[in-house]
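# Tertiary structure, described
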Amino acid sequence: MKMHYSIPIRVKIYLWIIIIGLALSGITAFPIETELALLAKSGSGSMNHWLTTVYRAVKNTNQLYPYLSYGTDWLAFAHLMLAILFIGPLRDPVKNVWVVQFGMIACICIFPLAFIAGSIRGIPVFWRLIDCSFGAIAIIPLYLSYIAIKKIT
């Protein structure tokens, strides 16, 4: 069935922000050891100490157990697949509004994951807040898209 409405340009922009953000998150997860090395060399203070610690752990793990990084590869893959998922609402936002709703739910679910799993895994609070910022920021264009899509129907 053909859609009989025009998609507001702002909805397309919001969705492209999400698609690009997810794709970049996925692509940058593959070379994590190299990225951590660069970040550890460029920082200072407690953030640098944390990044250096994480870099050493990743480097040592990759040397001894390289197959464990396969989990990070799957994380990267999931981000790329989620980016593709958002092409649906880009093409037909009314029919695929559920994808935008799913995205908002995922943004909210970042918070309990970061604070529960982060606490269990010994992740510093400042890093958990950085992780939460992805959900806090991404929910804005998703919510604005959702409101605009609801106005179409």
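Keep in mind it's a predicted model, so treat the numbers as computed, not measured.

Secondary-structure assignment places Ile32 in helix α2 (residues 32-42). If we skip the residues at most four places from it in the chain, Ile32 touches Val58 and Thr72.

Now for the nonpolar core. Ranked by size, the top nonpolar core spans 19 residues in total, and within it Val11, Leu15, Ile18, Phe86, Val100 and Leu142 carry the most contacts. Among the elements of the structure, α1 (9-29), α6 (97-121) and α7 (125-152) are those that each provide at least two residues to this core. The contacts of Ile18, once residues within four sequence positions are left out, are Phe86, Ala138, Pro141 and Leu142.

Before going further, it helps to examine the packing of α6 against α7. The contact between α6 and α7 brings their axes to 9 Å, and the two run at 165°. By the angle between their directions, the pair α6 and α7 is classed as roughly antiparallel. The way α6 lies across α7 gives a crossing that is left-handed. Classifying every residue of the contact of α6 with α7 by side-chain character gives 19 nonpolar, six polar and two charged.

Take the side chain of Asp92 next. By secondary structure assignment, the location of Asp92 is in the loop between α5 (87-91) and α6. Buried charge without a salt bridge: Asp92, with Lys95 as the nearest opposite-charge side chain at an N-O distance of 5.4 Å. With residues up to four places along the chain from it excluded, the contact list for Asp92 reads Met3 and Tyr5.

Let's shift gears to helix α3 (residues 45-64). Residues separated by three or four positions in an α-helix point in the same direction, a consequence of the helix having 3.6 residues per turn. When the terminal C-alpha atoms of α3 are compared, their 29 Å separation across 20 residues agrees well with the 28 Å that a helix rising 1.5 Å per residue should span. Those residues of α3 not exposed but buried are Asn48, Trp50, Leu51, Thr52, Tyr55, Val58 and Asn62. The inward-facing, buried residues of α3 contact α2 and α7.

This part takes up α6. Under the 1.5 Å per step criterion, the end-to-end length of α6 is 35 Å for 25 residues, consistent within 8% with the ideal 36 Å. Where α6 bends most, at Cys109, the angle is about 25°, and the proline Pro112 comes one to four residues later. For α6, every residue scored as buried is listed here: Val97, Val99, Val100, Gly103, Met104, Cys107, Ala114 and Gly118. Close packing links the buried residues of α6 with α1, α4 (70-85), α5 and α7. Positive phi shows up at Gly122, right after α6, with a value of about 75°.

About the thresholds
Here the residue numbering is sequential within each chain, running from 1 through the sequence in written order. Under the rules for a predicted model, residues below a pLDDT of 70 receive no local features and side-chain atom pairs below 80 are neither given nor counted, while totals for whole chains, interfaces and linings still include all residues. Side-chain measures were taken over the full set of non-hydrogen atoms in the model, leaving aside hydrogen atoms and water. Only DSSP runs of H or I covering at least 4 residues are called helices, and only runs of E covering at least 2 are called strands; the numbering of each starts at the N terminus. By definition, residues are in contact when any of their heavy atoms lie within 4.5 Å. In this description, a nonpolar core means a group of buried Ala, Val, Leu, Ile, Met, Phe, Trp, Tyr and Cys residues linked to one another through side-chain atoms lying within 4.5 Å. The classification of residues rests on relative accessible area computed with a 1.4 Å probe and restricted to protein chains. Under 20% of the type maximum is buried, over 50% is exposed, and intermediate values are partly exposed. Helix axes are fitted only over the stretch in contact, all axes being lines through C-alpha atoms; the angle between N-to-C directions runs from 0 to 180 degrees. Note that the term roughly parallel is reserved for angles under 35 degrees, roughly antiparallel for angles over 145, roughly perpendicular for angles of 65 to 115, and oblique for everything else. If you view the pair so one helix is near and one far, a crossing is left-handed when the near helix is turned anticlockwise from the far one by less than a right angle, and right-handed when it is turned clockwise. Three categories are distinguished: nonpolar for Ala, Val, Leu, Ile, Met, Phe, Trp, Tyr, Cys and Pro, charged for Asp, Glu, Lys and Arg, and polar for the others, with Gly belonging to the last. Residues counted as positive are Lys and Arg, residues counted as negative are Asp and Glu, and His and the chain ends are not counted. Definition used for salt bridges: Asp or Glu carboxyl oxygen within 4 Å of a side-chain nitrogen of Lys or Arg. Each helix should span, by expectation, one fewer than its residue count multiplied by 1.5 Å. A residue's bend is simply the angle between two axes: one fitted to the seven residues ending at it, one to the seven starting at it.

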